[in-house]
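# Secondary and tertiary structure notes
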Amino acid sequence: MATIDRHTPPPASSRPSTPSTPSPPSAALGTLALAHALSAAGRGFAVFPLSRTKLPALPSPHRDDPPTAPRCHGECGLPGHGVYDATTDPRRIRALFGAAPRATGYGIACGLSPHHLIGVDLDTKSGTDSSASLRELALRHLFTIPDTVVVATPSGGRHLWLSGPPDVVVPNSAGRLAPGIDIRGAGGYLVGPGSRTEHGVYSTVPGTAHLRPAPCPPALLRLLTPPPRTHHPASDHTGQHGAGLVQFVLGAHEGQRNTRLFWAACRAYENGIGGTLADALTDAAVRTGLTEREARATIASAARVATRA
């Protein structure tokens, strides 16, 4: 079993400095990113193109849709759905990169078969020692991080790749586990090694590139999957409409969680089921990565808007 110290990034002052080199032409970067993406897909990881900003390289075909339009996860058949474009099909991958000339990297979708990938992002930008926080969690909850794939980020952080059970949905979260530790789960993605961003290149830590994502320790998995609250299911109170609003919130990923929750709560209060659905909507929002306080504040705001309307 590996010690967690193995995954601790060295202090910035001790990392060797390397002379800056000119970036290759954009066409060469795209070709290189495609090659890395195809290699990852060959190992069973679903991929899609990213830009230098680590965001999806293809614009959404629904960017001009009204905010109330149902969220499309690629059902329309067009590219431009971010993580929902992710695939292991080489033809599809080449087509995605062919439509994204500015791509310089690729994302790896989490939560999908066969690896059911969970990303533990040990950040260094927040000024906290995220590696120390992970060590403290491991000591307190009696788990050890096994030998697994580790990716070094340009900022000096680390991404630990773990594998989850196929029947467990791990939500995305930022700082919920501990300060500086972000989790990438279902609906989230990791920047793949070999990707070049505006801050530098992501690279696999030596000695881990040949590994498969190790199974997530059960004690850690329990921390990543908050137990369901003991409320009655939404469908018991509100029928199919309420259950549909809850599912709409559960389908949110980072960047749209508050928007989806606010829209669903407005619809619930407009239809007279806001009071009975509030707890179920809160539970759904927490599972996507919001805190309970954030979720309840958003729902309260929606209630005020709907009441005024």
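In this convention, every chain numbers its residues from 1, walking through the sequence in written order. With pLDDT at 70 or above as the cut-off, local features in this predicted model cover only qualifying residues; side-chain atom pairs require 80 or more to be listed or tallied, and sums for whole chains, interfaces and linings still use all residues. Side-chain calculation: all heavy atoms of the structure are included, whereas hydrogens and water are not.

## Digging into empty space enclosed by the protein
The probe, sized like a water molecule, is rolled over the atoms to show the empty space still left. Our working rule: The definitions used throughout rest on a 1 Å grid laid over the protein atoms alone, on which a cavity is an enclosed set of points accommodating a 1.4 Å probe that cannot get out and a pocket is an open set flanked by protein within 12 Å on both sides along at least five of seven lines; lining residues are those having an atom within 4 Å of a point. Grid points are joined across faces, edges and corners, and a volume is the space filled by probe spheres set on the points. For this classification, Asp, Glu, Lys and Arg are treated as charged, while Ala, Val, Leu, Ile, Met, Phe, Trp, Tyr, Cys and Pro are nonpolar and the rest, including Gly, are polar.
Inspection of the entire model under this criterion finds one cavity of 30 Å³ or more. Of the voids in this model, the largest cavity is the one considered here, and its volume is about 50 Å³. Every residue lining the largest cavity is listed: Gly-44, Phe-45, Ala-46, Ala-109, Cys-110, Gly-111, Leu-112, Ser-113, His-115, His-116 and Leu-117. In the lining of the largest cavity, the residues fall into six nonpolar, five polar and no charged.

## So, unusual backbone geometry
Defined as follows: Numbering of helices and strands runs from the N terminus; a helix is a DSSP stretch of H or I covering at least four residues, while a strand is a stretch of E covering at least two.
The peptide bond linking Ser-113 to Pro-114 adopts the cis configuration, its omega dihedral lying at 5 degrees. Here Pro-114 is to be found in the loop between β2 (105–109) and β3 (117–122). Phi at Lys-54 takes a positive value of approximately 70 degrees, unusual for a residue other than glycine. Relative to the helices and strands, Lys-54 resides in the loop between β1 (47–50) and α2 (90–98).

## Overview of the side chain of Asp-85
Counted only if it meets this: A simple rule labels every residue: compare its accessible area, found with a 1.4 Å probe on the protein chains alone, to the largest value its type can have, and call it buried under 20%, exposed over 50%, or partly exposed in between. The charge count includes Lys and Arg as positive and Asp and Glu as negative, but it does not include His or the ends of the chains. Salt bridges are identified by distance alone: a Lys or Arg side-chain nitrogen within 4 Å of an Asp or Glu carboxyl oxygen. Should any heavy atoms of two residues lie within 4.5 Å, those residues are counted as being in contact.
When you line up the elements, Asp-85 lands in the loop between β1 and α2. Here Asp-85 is buried and forms no salt bridge, its nearest opposite-charge partner Arg-92 lying at an N-O distance of 4.4 Å. Residues within four places of Asp-85 in sequence aside, it is in contact with Val-47, Phe-48, Leu-58, Leu-78, Pro-79, Gly-80, Arg-92 and Leu-96.

## Describing the packing of aromatic side chains
Here is the rule we go by: Side-chain rings of Phe, Tyr and Trp, where Trp is taken by its six-membered ring, are said to pair if the distance between their centres is within 6.5 Å; with planes under 30 degrees apart they count as stacked, over 60 as edge-to-face, and otherwise as tilted.
What the rule picks out here adds up to three aromatic pairs. Between Phe-48 and Tyr-189, the aromatic rings sit 5.1 Å apart at their centres with planes inclined by 85 degrees, giving edge-to-face as the arrangement. Pair noted here: Phe-48 is in strand β1 and Tyr-189 is in strand β8 (residues 189–191), with a separation of 141 residues, a long-range link. Summarising the aromatic geometry, the rings of Phe-248 and Trp-263 are spaced 4.9 Å apart at their centres and angled 50 degrees between planes, so their arrangement reads as tilted. Here Phe-248 is found in helix α5 (residues 234–250), whereas its partner Trp-263 is found in helix α6 (residues 257–270), with 15 residues between them in sequence. For Phe-248, a relative accessible area of 19% translates into the label buried.

## Considerations on the pattern of salt bridges
In a structure, side chains of opposite charge can pair up when their charged atoms sit close to one another. Applying the stated criterion across every chain, the model contains five salt bridges. Residue Arg-296 is joined to Glu-292 by a salt bridge in which the shortest nitrogen-to-oxygen separation is 3.1 Å. One end of the pair is Arg-296 and the other is Glu-292, both in helix α8 (residues 292–308) and four residues apart, which spans about a single turn. Among the charged side chains, a salt-bridge network with shared partners connects Asp-279, Glu-292 and Arg-296.

## What about the pairing of strand β5 (residues 158–163)?
Quick note on the threshold: In this scheme, strands are said to pair when DSSP sees at least two bridges between them.
Burial analysis of β5 places six of its six residues in the buried class, which makes it a mostly covered element. Note: strand β4 (residues 150–152) against β5, three bridges, orientation antiparallel. By the bridge assignment for β5, Ala-152 is matched with Arg-158. From the end of β4 to the start of β5, which pair antiparallel, there are five residues, and Gly-156 there has a positive phi angle of about 95 degrees. Two strands pair when backbone bridges link them, and β5 and strand β12 (residues 214–215) are joined in this way by two bridges, in the parallel orientation. Counted as the bridge partner of Leu-162 is Ala-214 from β12.

## Topic: the environment of His-159
Within the secondary structure layout, His-159 lies in strand β5. In this structure, the C-alpha to C-alpha distance between His-159 and Val-205, residues 46 residues apart in sequence, is 9.7 Å. What His-159 contacts, discounting residues up to four positions off in sequence, is Val-120, Asp-121, Val-149, Val-150, Val-151, Thr-153, Leu-190, Val-191 and Tyr-202.

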